[in-house]
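Now for the letters of each chain:
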Amino acid sequence: MSVHFRDVDGIVPRFNETFIDQGNYDAYEILSLLDEVGFEGMIIPDHVPHVESDSDWNTETAPTPSAI
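These figures come from a predicted structure and were not determined experimentally. The written sequence of each chain sets the order in which its residues are numbered from 1. Residue-level local features of this predicted model are given only where pLDDT is at least 70; pairs of side-chain atoms are given and counted only at 80 or more, and the full residue set underlies all totals for whole chains, interfaces and linings. Working from all heavy atoms in the structure, the side-chain values ignore hydrogens and water.

Student: Explain the overall build of the protein chain to me, and be specific about the residues and the numbers.
Tutor: For the purposes of this entry, the term helix denotes a DSSP run of H or I that reaches at least four residues, the term strand denotes a run of E that reaches at least two, and both are numbered from the N terminus. Counting its regular elements, the protein chain contains one helix and four strands. Going from N to C terminus, the protein chain has its helices and strands arranged as β-β-β-α-β. Counting the 68 residues in the protein chain, one finds 13% classified as buried. Here the analysis covers contacts within the protein chain between residues at least 6 apart in sequence; of these, 47% occur between residues at least 24 apart. Relative accessibility decides the category of a residue: with a 1.4 Å probe and only protein chains considered, values under 20% of the type maximum give buried, values over 50% give exposed, and everything between is partly exposed. Should any heavy atoms of two residues lie within 4.5 Å, those residues are considered in contact.

Student: Mind laying out the nonpolar core, listing which residues take part and the relevant values?
Tutor: Residues enter a nonpolar core if they are buried and are Ala, Val, Leu, Ile, Met, Phe, Trp, Tyr or Cys, with the set joined through side-chain atoms within 4.5 Å. Formed by V3, F5, Y25, A27 and L34, the largest nonpolar core amounts to five residues. Ignoring anything within four residues of it in the chain, the contact list for F5 reads I20, Y25, A27, I30, L31, I43, I44, P45 and D46.

Student: Lay out the packing of aromatic side chains in plain terms, naming residues and giving numbers.
Tutor: Any two aromatic rings considered together are summarised by their centre-to-centre distance and by the angle between their planes. When the centres of two rings from Phe, Tyr and Trp lie within 6.5 Å, Trp using its six-membered ring, the rings pair. Their planes under 30 degrees apart give stacked, over 60 give edge-to-face, and anything left gives tilted. By the definition in use, this model includes one aromatic pair. Look at F5 and Y25: their rings are 5.6 Å apart centre to centre, the planes differ by 80°, and that puts the pair in the edge-to-face class. In this pair, F5 is assigned in strand β1 (residues 2-5) and Y25 in the loop between β3 (14-18) and α1 (27-36), connecting sequence segments 20 residues apart. On the basis of relative accessibility, which here comes to 7%, the residue F5 falls in the buried class. By relative accessible area, which is 19% here, Y25 ends up buried.

Student: Describe in detail unusual backbone geometry, supporting the description with residues and values.
Tutor: The linkage connecting V12 with the following residue, P13, adopts the cis geometry, with an omega of 10°. Relative to the elements of secondary structure, P13 occurs in the loop between β2 (7-11) and β3. With a phi angle near 70°, D21 is a residue other than glycine that sits in the positive phi range. Relative to the assigned elements, D21 resides in the loop between β3 and α1.

Dropping the structure here:
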């Protein structure tokens, strides 16, 4: 099981993606609740905003698992 952390400022249909804990929810509170209930899965940051130094993932040239 995994939790995808994604935060936004605003609500549908007018919102902007933000960095984790910069938008509508309190990431510390959510992490505390996950710990309280014994969550042992992965926590994945998801859909963070693009920044000036971002580059493409170059997925067309990424090795496949069988090539590794």
